[in-house]
Amino acid sequence: MQLTKFKTSKTEKNSTLVGFDQNWLSELSSEEASSITGGFTVANDSGGTRRFYNLGANVPAELQTLQPTQKGNYDGEYVLYNKSKTGFEPTLVKVEPTKTASFRQEGDGITLVVDSLSLFILNSPG
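Scope of this entry: the structure provided in the associated data block. (Residues numbered from 1 in each chain as written. Predicted model: local features only at pLDDT ≥ 70, side-chain atom pairs only at ≥ 80, totals over all residues. Heavy atoms only, no water.)

**Here we look at the sheet that holds strand 5 (residues 59-66)**
- In spatial order, the strands read 5-4-7-8; together these 4 strands make up an open sheet with antiparallel pairing. Taken across any chain shown, the strands that pair with only one partner, and hence form the sheet edges, are strand 5 and strand 8 (90-94). Sheet twist, expressed as the mean angle between neighbouring strand axes with direction ignored, is 25°. (Pairing = 2+ DSSP bridges. Helix = DSSP H or I, 4+ residues; strand = E, 2+ residues; numbered from the N terminus. Axes fitted to C-alpha atoms, helices over the stretch in contact; angles between N-to-C directions.)

In structure tokens form, the structure reads like this:
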């Protein structure tokens with residue numbers, strides 16, 4: 001171990017540094033990373049109450065309810081919901097960890113749109 005002096009704006013302290021060990025580092029799997037980041041976010045932009053299930057390989061299906069304009073964070077990798085407003089049309093959508101998905105009304109149906117990275121290029125005049 002190495003003794004080092006640390007200086008802050010008000011004090012000077014001696015502290016012991018622990019040696020760096022390369023074996024302490026490891027890359028996280030996507031499953032481990034999703035548990036740290038808290039899964040994905042779902043927003044309800046459809047104008048009505050939406051009921052759906054969030055689920056995943058290690059996350060049992062759990063019924064959720066979102067009121068209009070409400071958002072929630074969920075674990076898992078999938079959202080199962082009814083796409084039809086008048087019948088029964090179950091739809092399964094994969095949502096990557098840290099992404100945001102939103103329910104939207106399109107005609108007589110409901111869609112779940114997963115936001116993706118968009119690049120906007122601004123042109124300056126002249």
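**Describing the packing of aromatic side chains**
- One pass over the structure, following the stated rule, counts 4 aromatic pairs.
- Where F52 meets F103, the ring centres are 5.4 Å apart and the plane angle is 50°; that geometry is what we call tilted. With F52 in strand 4 (residues 50-56) and F103 in strand 9 (residues 100-106), this residue pair connects regions lying 51 residues apart in the sequence.
- Given a relative accessible area of 0%, F52 falls into the buried group.
- A relative accessible area of 1% means that F103 is categorised as buried.
- When the centroid spacing of 5.2 Å and the interplanar angle of 75° are considered together, the rings of Y81 and F103 count as edge-to-face. You can see Y81 sitting in strand 7 (residues 78-82) and its partner F103 sitting in strand 9, a full 22 residues away along the chain.
- Residue classification places Y81 among the buried residues on the basis of a relative accessible area of 6%. (Phe/Tyr/Trp six-rings, centres within 6.5 Å; stacked < 30°, edge-to-face > 60°. Buried < 20%, exposed > 50% of the residue type's maximum accessible area, 1.4 Å probe, protein only.)

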